[in-house]
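Working through the structure, step by step
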Amino acid sequence: MTETRAARIERKTRETDIQLELGIDGGGKADLDVQVPFLSHMLELFTKHGLFDLSVVGRGDVEVDDHHLTEDIGICLGQALREAVGDKYGMKRYGSMTLPMDETLVTVAVDLSDRPHLEWRAELPKDRVGTFDTENVHEFFWKLAVEARMNLHIVLHHGHNTHHIIEAMFKAFARALDEATQIDPRVKGVPSTKGSL
């Protein structure tokens, strides 16, 4: 089993320039310098509630819109997660959280299965929160799931405040991922009868 479960990813394109570091066995420390304030807020919540350590410097063509930078940070976070979990020896693999936030209730379930899929069962009431285009939330989680090679289900049971819904998604995802990445001393090898993930 890898002693230090952490990874650093750099991504530079004509649209974005990102440096991201993720530590799975952290303490909830966020060091964020991201040009999309709403996404930065959500990443801070993710870090705090998952007890990860996350550092992100993200620059992009935000004068066009927030899409490219949001998408590419999702890509980088997914790549970092896949690298950081390593061989997955002793890891729980599965995690889920049903999380309330005021009038909102969201369930997120995670399987670090090496079989990428996003199941998105949510309709966001508004197109924008402040200046942030809310369709980018789906884009972020989709690219994260693909790059992390995880099975990720996000279900909105009810809620009408778009900010609350998105915030509940990020918090629930953090707590589900924290559970899935925990080391269970009862697990011998990888958590699969196939012998590998």
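- By the naming in an unreviewed UniProt entry, the protein goes by Imidazoleglycerol-phosphate dehydratase and is assigned to Halobacillus trueperi.
- As recorded by UniProt, the Subcellular location (unreviewed entry) comment attached to the protein reads in full: "Cytoplasm".

With respect to the packing of aromatic side chains
- Scanning all chains against the criterion turns up seven aromatic pairs.
- When the ring of Phe140 is compared with that of Phe141, the centres are 5.3 Å apart and the planes differ by 80 degrees; the resulting orientation is edge-to-face.
- When its relative accessible area of 2% is taken as the criterion, Phe140 is described as buried.
- Taken together through their ring pairs, the aromatic side chains of Phe46, Phe52, Phe140, Phe141, Phe170 and Phe173 make up a single cluster.
- Positioned over the ring face of Trp142 is Lys143, at 4.6 Å from the centre of the ring.

A closer look at the sheet that holds strand 10 (residues 151-158)
- Spatial strand order, 5-6-10-7: four strands in an open sheet with mixed pairing. A strand with exactly one partner marks an edge of an open sheet, and here the two such strands are strand 5 (94-101) and strand 7 (117-121). Sheet twist, expressed as the average angle between the axes of neighbouring strands with direction ignored, equals 10 degrees.
- Here strand 7 pairs with strand 10 via five bridges, running parallel. Looking at the pairing, Glu119 lines up with His153 of strand 10.
- The strands touched by helix 3 (residues 135-148) within the sheet are strand 7 and strand 10, with strand 7 carrying the most contacts at an inclination of about 155 degrees.

Definitions and cut-offs
- Residues numbered from 1 in each chain as written.
- Predicted model: local features only at pLDDT ≥ 70, side-chain atom pairs only at ≥ 80, totals over all residues.
- Heavy atoms only, no water.
- UniProt positions renumbered as here; feature names shortened; annotations may be inferred.
- Phe/Tyr/Trp six-rings, centres within 6.5 Å; stacked < 30°, edge-to-face > 60°.
- Buried < 20%, exposed > 50% of the residue type's maximum accessible area, 1.4 Å probe, protein only.
- Lys NZ or Arg CZ within 6 Å of the ring centre and 35° of its normal.
- Pairing = 2+ DSSP bridges.
- Helix = DSSP H or I, 4+ residues; strand = E, 2+ residues; numbered from the N terminus.
- Axes fitted to C-alpha atoms, helices over the stretch in contact; angles between N-to-C directions.
- Contact = heavy atoms within 4.5 Å.

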